[in-house]
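Letter by letter, the chains look like this.
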Amino acid sequence: MTPQKTHTVTLIPGDGIGPEVTQAVIRILNATGVKIEWERYAAGAEAFEKFKTYIPADLYDSIDRTRVALKGPVTTPVGGGFSSINVTLRKKFDLYANFRPIKNLPGIKTNYPGVDLIIVRENTEGLYVGLEQEIVPGVATALKVVTEKGSTRIARFAFEYARQHDRKKVHCIHKANIMKMTDGLILRCSRKVAEEYPNVAYAEHIVDNTCMQLVTNPYQYDILLLENLYGDIVSDLCAAFVGGLGLVPGANLGESTAIFEAVHGSAPDIAGKNLANPTALLQSAILMLRHLDETEAADRVQAALEKVYAEKTALTRDVGGSSGTSAFTDAIIAALETVPA
């Protein structure tokens, strides 16, 4: 019998509700029998308080070693303070593909049942390169950076995913009618890659029209391919179709490294009150299990999660229940025992 592999994973619990939802997810993963050794590190304000830096060198070293991380929410100051931890880690490890599946959970009533979308967002370029300056007092600029390399590889990621998972269509979302050079380059690269995948339909929509089309009829889309800023906005819009950011997973993927994260905020107002819903981080951990080739465990956790949602007896308050974080976690672990291995 082949010995079970032990995976080493960097763990960033985050702040606010981060430590609570992270602990819940660890309990569930432990219940699967998958062996994971966690290297735990602080980031953001907590790290600065302890180490006088927002991302300790030991955290970078850990991700360099493990090549995979699970990350809870970390508060990012608005209009000042330290740079986004998410953006910094994406740039540091060249995590060029932000991958977010949008799919309804059973038992959650929304105005858009049966949504099944994949958001593929370029993760390292565009306005998020952070090249801003104040030219003169009262006048600030930001540089949007688009490269042929970056645009081609994210397009190929979207089409390759479509090919491997039998998805039918990729829409490239752009604003090339106005930004003819930057978004024009994205379109040229996407069209060129599309020619390599004749079995996947390709289309283009302008981003503002896309937002209208999405809220009118999201079912016309399959995979949405977007540059960084558009992807950030549209992925949050699409999360509303299935119940909000607290329910959807997120993955940041590079050639050799992957960071799986909750995409919602740190909700400091409910931190420590046993109220937080760990679903988003758990769904991200399911993506992580698949990345680690623990497909059977991923399927079991997904089935247990869906069972708990379908039964509606142990849901947290944000999705219409009355249970706390611990009871919700207990219910998923109990459901795991009923899911065949």
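Refer to the structure presented above.
Overview of the structure. (Residues numbered from 1 in each chain as written. Predicted model: local features only at pLDDT ≥ 70, side-chain atom pairs only at ≥ 80, totals over all residues. Heavy atoms only, no water.)

1. Observations regarding the nonpolar core
Reasoning step 1: Counting residues in hydrophobic clusters, the biggest one holds 72 residues, and the most contacted among them are Phe-260, Met-288 and Tyr-309.
Reasoning step 2: Examining the composition of this core, we find that 8 residues originate from one element, helix H9 (residues 279-291), more than from any other.
Reasoning step 3: If we ignore the near neighbours within four places in the chain, the residues touching Met-288 are Val-9, Leu-29, Ile-36, Trp-38, Val-68, Leu-70 and Phe-260.
Reasoning step 4: Ranked by size, the runner-up nonpolar core spans 19 residues in total, among them Tyr-221, Leu-224, Tyr-230 and Val-234. (Core = buried A, V, L, I, M, F, W, Y, C linked by side-chain atoms within 4.5 Å. Buried < 20%, exposed > 50% of the residue type's maximum accessible area, 1.4 Å probe, protein only. Helix = DSSP H or I, 4+ residues; strand = E, 2+ residues; numbered from the N terminus. Contact = heavy atoms within 4.5 Å.)

2. Observations regarding the packing of helix H5 (residues 148-164) against helix H6 (residues 182-194)
A packed helix pair is summarised by two numbers, namely the angle formed by the two axes and the spacing between the axes.
Reasoning step 1: As a packed pair, H5 and H6 sit with axes 8 Å apart at the nearest point and diverge in direction by 45°. With respect to H6, the element H5 is oriented oblique. The handedness of the crossing between H5 and H6 comes out as right-handed. Of H6, the residues touching H5 (which contributes Glu-148, Ser-151, Thr-152, Ala-155, Arg-156 and Phe-159) are Leu-185, Ile-186, Cys-189, Ser-190, Val-193 and Ala-194. (Axes fitted to C-alpha atoms, helices over the stretch in contact; angles between N-to-C directions. Parallel < 35°, antiparallel > 145°, perpendicular 65-115°, else oblique. Left-handed = near helix turned anticlockwise from the far one by under 90°.)

3. Structural notes on the pattern of salt bridges
Reasoning step 1: A complete count under the given rule lists 19 salt bridges for this structure.
Reasoning step 2: Salt-bridge contacts for Arg-167 lead to Asp-116; the nearest nitrogen and oxygen are separated by 3.4 Å. Here Arg-167 is found in the loop between H5 and strand E8 (169-174), whereas its partner Asp-116 is found in strand E5 (residues 116-122), with 51 residues between them in sequence.
Reasoning step 3: Owing to a relative accessible area of 14%, Arg-167 belongs among the buried residues under this scheme.
Reasoning step 4: The shortest N-O distance in the salt bridge between Arg-290 and Asp-299 comes to 2.8 Å.
Reasoning step 5: By relative accessible area, which is 33% here, Arg-290 ends up partly exposed.
Reasoning step 6: On the basis of relative accessibility, which here comes to 38%, the residue Asp-299 falls in the partly exposed class.
Reasoning step 7: Several salt bridges share partner residues, and in doing so they unite Lys-71, Arg-90 and Glu-261 into one network. (Salt bridge = Lys/Arg side-chain N within 4 Å of Asp/Glu carboxyl O.)

4. Here's the deal with the sheet that holds E5
Reasoning step 1: With mixed pairing, 10 strands are arranged side by side in an open sheet as E2-E1-E3-E12-E11-E4-E5-E10-E8-E9. Unpaired on one side and paired on the other, strand E2 (35-40) and strand E9 (201-206) mark the two borders of the sheet. Averaged over all adjacent pairs, the angle separating strand axes in this sheet is 25°, with direction ignored.
Reasoning step 2: As defined by bridge partners, strand E3 (residues 68-71) adjoins strand E12 (residues 258-262) across 4 bridges and the pair is classed as parallel. Opposite Ala-69, over in E12, you have Ile-259 as the bridge partner.
Reasoning step 3: Against the sheet, helix H1 (residues 18-32) makes contact with strand E1 (6-12), E2 and E3, and its axis sits at roughly 160° relative to E2, the strand it touches most. (Pairing = 2+ DSSP bridges.)

5. Focus on helix H10 (residues 295-311)
Reasoning step 1: The terminal C-alpha atoms of H10 lie 24 Å apart, and with 17 residues this matches the ideal 24 Å at 1.5 Å per residue to within 8%.
Reasoning step 2: Within H10 the residues assigned to the buried category are Ala-297, Ala-298, Arg-300, Val-301, Gln-302, Ala-304, Leu-305, Val-308 and Tyr-309.
Reasoning step 3: Lining the buried residues of H10 we find H1, H9 and helix H11 (325-336).
Reasoning step 4: Positioned one or two residues after H10, Lys-312 has a phi angle of 65°, which is positive. (Expected span 1.5 Å × (residues − 1).)

6. Description of the packing of helix H7 (residues 207-216) against helix H8 (residues 228-239)
Reasoning step 1: Contact geometry of H7 with H8 gives a least axis separation of 11 Å together with a crossing angle of 10°. Relative to H8, the element H7 lies roughly parallel. For the pair H7 and H8, the contacting residues are Val-207, Cys-211, Leu-214 and Val-215 in the first and Tyr-230, Val-234, Leu-237 and Cys-238 in the second.
Reasoning step 2: Residue composition of the contact of H7 with H8, by class: 8 nonpolar, no polar and no charged. (Nonpolar A, V, L, I, M, F, W, Y, C, P; charged D, E, K, R; others polar.)

7. Quick look at the environment of Pro-113
Reasoning step 1: By the element assignment, Pro-113 lies in the loop between strand E4 (97-103) and E5.
Reasoning step 2: Judged by its relative accessible area of 55%, Pro-113 falls in the exposed class.
Reasoning step 3: C-alpha separation for the pair Pro-113 and Lys-103, spaced 10 residues apart in sequence, amounts to 8.9 Å.
Reasoning step 4: Beyond its immediate chain neighbours, meaning those up to four positions away, Pro-113 contacts Asn-104 and Tyr-219.

8. Some points on a nonpolar patch on the surface
Reasoning step 1: A contiguous nonpolar surface patch, about 240 Å² in accessible area, is contributed by Ile-135, Val-136 and Val-139.
Reasoning step 2: You can see Ile-135 is positioned in strand E6 (residues 132-136). (Patch = residues over 30% accessible without salt bridge, like charges linked within 9 Å, V, L, I, M, F, W, Y side chains within 5 Å. Areas by Shrake-Rupley, 256 points an atom, 1.4 Å probe, with all protein chains shown as cover.)

9. So, the side chain of Glu-20
Reasoning step 1: Residue placement: Glu-20 occurs in helix H1.
Reasoning step 2: Once you skip the residues sitting within four places of it in the chain, Glu-20 turns out to touch Ile-270, Ala-271, Gly-272, Lys-273, Asn-274 and Thr-325.

10. Observations concerning the side chain of Glu-125
Reasoning step 1: Locating Glu-125 in the fold gives a position in the loop between E5 and E6.
Reasoning step 2: The side chain of Glu-125 is buried and forms no salt bridge, while Arg-153, the nearest opposite charge, is found at 5.7 Å.
Reasoning step 3: Not counting residues within four places of it along the chain, the set of residues in contact with Glu-125 comprises Val-145, Val-146, Thr-147, Gly-150, Ser-151 and Asn-228. (Lys, Arg positive; Asp, Glu negative; His and termini not counted.)

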